[in-house]
Each structure stands twice: as structure tokens, then as C-alpha cells.
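The residues making up each chain are set out below.
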Amino acid sequence: MSEARDWNAKTIAEFRANEGRVGGVFEGAPLVLVHHRGRKSGQEHVSPVMYLPHDTAPDIVYVFATKGGAPTNPDWYRNLTAAGEGTIERGTATYQVTVHELTGAERDRIYAEQARRYPGFAEYARQTAGIRIIPVLELRRA
């Protein structure tokens, strides 16, 4: 098992054992498990991802395709946008979501709020400046 897959597997197990809470780099941060199917393989994958809750709509969360500041988008982002839907685990709830990619000022506003709350996101934006704009997805309970 690769180091990244092993880390994901441990994070997923901890999330499920502790009603959506984990320690380490995610301690105290809102985390969801995003279920998505591979565009080519059709295989189901699960990715732990930080989220930003919507201010007033409890059935909407925003996720950020940072890939830790890498120059390319993560596979989970490509899989979700291709499918237009997925499933998330949030706390102890699991539910279907629709996927909508934010653009322009709306995307910028949501990303800026996440970066204000979690400065690592500002660093990811600096690392990808001139290479790519980090996508922001709205996941809405279906």
C-alpha cells in the first residue's frame, strides 16, 4: 500500500471510529469523507477532505481541490465533476450529494473564507499561483 493510501485508510478509520473527528493535521477541522467513482475504472474511492459549511443551509458544504498545493487537480475532484454526484460521510450521517463547481467571485469569496479560517489554504493558493486556480465544489444534499 502506498504511503498516501495508508494515510488515507488510517484517517478514514479514525473518522468512522470517532463520529467524524480525527486528530493529527485534521484535529479540530471539519472533515468529510467523499465517496466517488473512478471516471475510467468505475471503482469506488473514499477521500478525506476538509470542508466549509454553508452559513445558513445545513445541507450544503464546500470542498476544495487543493491536493496539498500540487500543480494538478486531485482525482476525486475530476471524478466528482464528471459524475455530477457523489456521497459524503459527515459526522455519523452518510448521504448523496449533487456537485456544483463554483466560479468567479462566488468561488473567490468561499475560498478566501476557508483560507482565513485555515491559513494552509492560503499557502496552497500561493503554491499554485500561475499554474491553476484551486477548484471549489458545492456539495448539496440530494
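The numbering scheme is per chain: residues are counted from 1 as the chain's sequence reads. Where local features are concerned, this predicted model is filtered to residues with pLDDT of at least 70; where side-chain atom pairs are given and counted, the filter is 80 or more; whole-chain, interface and lining totals use all residues. As a convention, hydrogens and water are excluded, and side-chain values are obtained from all of the structure's heavy atoms.

Asker: For the overall build of the protein chain, give the residues involved together with the corresponding values.
Answerer: Only DSSP runs of H or I covering at least 4 residues are called helices, and only runs of E covering at least 2 are called strands; the numbering of each starts at the N terminus. The secondary structure content of the protein chain amounts to 4 helices and 6 strands. Helices and strands in the protein chain line up, N terminus first, as α-β-β-β-α-β-β-α-α-β. Radius of gyration here is computed from C-alpha atoms only, and the compact-globule reference equals 2.2 Å multiplied by the residue count raised to the power 0.38. Against the globule reference of 14 Å for 142 residues, the protein chain gives a C-alpha radius of gyration of 14 Å, in line with a compact fold. Considering only C-alpha atoms, the protein chain reaches an extent of 35 × 35 × 35 Å along its principal axes. The buried label applies to any residue whose accessible area, calculated with a 1.4 Å probe on protein chains only, is under 20% of its type's maximum; exposed applies above 50%, and partly exposed to all values in between. Of all 142 residues assigned to the protein chain, the portion counted as buried reaches 41%. Throughout, a residue-residue contact means that at least one pair of heavy atoms, one from each residue, lies within 4.5 Å. Of the contacts formed within the protein chain by residues at least 6 apart in sequence, a portion of 57% connects residues at least 24 apart. In the structure as shown, the protein chain presents an accessible area of about 7900 Å², 49% of it carried by carbon and sulfur atoms. For the area figures, the Shrake-Rupley method with a 1.4 Å probe applies, and any residue is considered shielded solely by the protein chains shown.

Asker: Could you give an account of the pairing of strand S2 (residues 44-53), naming the residues involved and the relevant values?
Answerer: Between any two strands, pairing holds if DSSP finds at least two bridges. Across 7 bridges, the pairing between strand S1 (residues 31-37) and S2 is antiparallel. When the sheet's bridge partners are listed, histidine 35 is paired in S2 with valine 46. Linkage of S1 to S2, two consecutive antiparallel strands, is achieved through a turn of 6 residues, within which glycine 42 is found at a positive phi near 75°. As defined by bridge partners, S2 adjoins strand S3 (residues 60-64) across 3 bridges and the pair is classed as antiparallel. Opposite tyrosine 51, over in S3, you have valine 63 as the bridge partner. Here S2 folds back onto S3 in antiparallel fashion, the turn holding 6 residues.

Asker: Can you tell me about the sheet that holds S1, naming the residues and giving the values?
Answerer: In space, the 6 strands of this closed barrel follow the order S1-S2-S3-S6-S5-S4, with antiparallel pairing throughout. Put simply, the sheet's adjacent strands are angled 45° from each other on average, direction ignored. Where S1 meets strand S4 (residues 85-90), 4 bridges bridge the pair, whose relative direction is antiparallel. Each residue of the ladder has a partner; that of histidine 35, found in S4, is threonine 87. Only the stretch in contact is used when a helix axis is fitted, and all axes are lines through C-alpha atoms; the angle between N-to-C directions ranges over 0 to 180 degrees.

Asker: Summarise the nonpolar core; cite the residues concerned and give the values.
Answerer: Only buried residues count toward a nonpolar core. Its members are Ala, Val, Leu, Ile, Met, Phe, Trp, Tyr and Cys residues joined through side-chain atoms within 4.5 Å. Of all hydrophobic cores here, the largest spans 19 residues; its most connected members are Tyr62, Phe64, Ile110, Tyr111 and Val136. Of all elements in the fold, only helix H1 (3-17), S1, S2, S3 and helix H3 (104-117) reach the threshold of two or more residues within this core. Counting residues in hydrophobic clusters, the runner-up holds 16 residues, among them Val61, Ile88, Val97 and Leu139.

Asker: How would you sum up the packing of aromatic side chains? Please name residues and give values.
Answerer: Two rings belonging to Phe, Tyr or Trp (six-membered ring only in the last case) form a pair when the distance between their centres is within 6.5 Å. Interplanar angles under 30 degrees mark stacking, angles over 60 mark edge-to-face geometry, and anything in between is tilted. In this structure the tally under the stated criterion is 5 aromatic pairs. Seen from their ring centres, tryptophan 7 and phenylalanine 26 are 5.6 Å apart, and the 45° between their planes marks the pair as tilted. In this pair, tryptophan 7 is assigned in helix H1 and phenylalanine 26 in the loop between H1 and S1, connecting sequence segments 19 residues apart. The structure contains a cluster of three or more aromatic residues connected by ring pairs, namely Phe64, Tyr111, Phe121 and Tyr124. Charge-over-ring contacts are defined here by two conditions on Lys NZ or Arg CZ: a distance within 6 Å of the ring centre and an angle within 35 degrees of the ring normal. A cation over a ring is seen here: arginine 141 above tyrosine 95, with NZ or CZ 3.7 Å from the ring centre.

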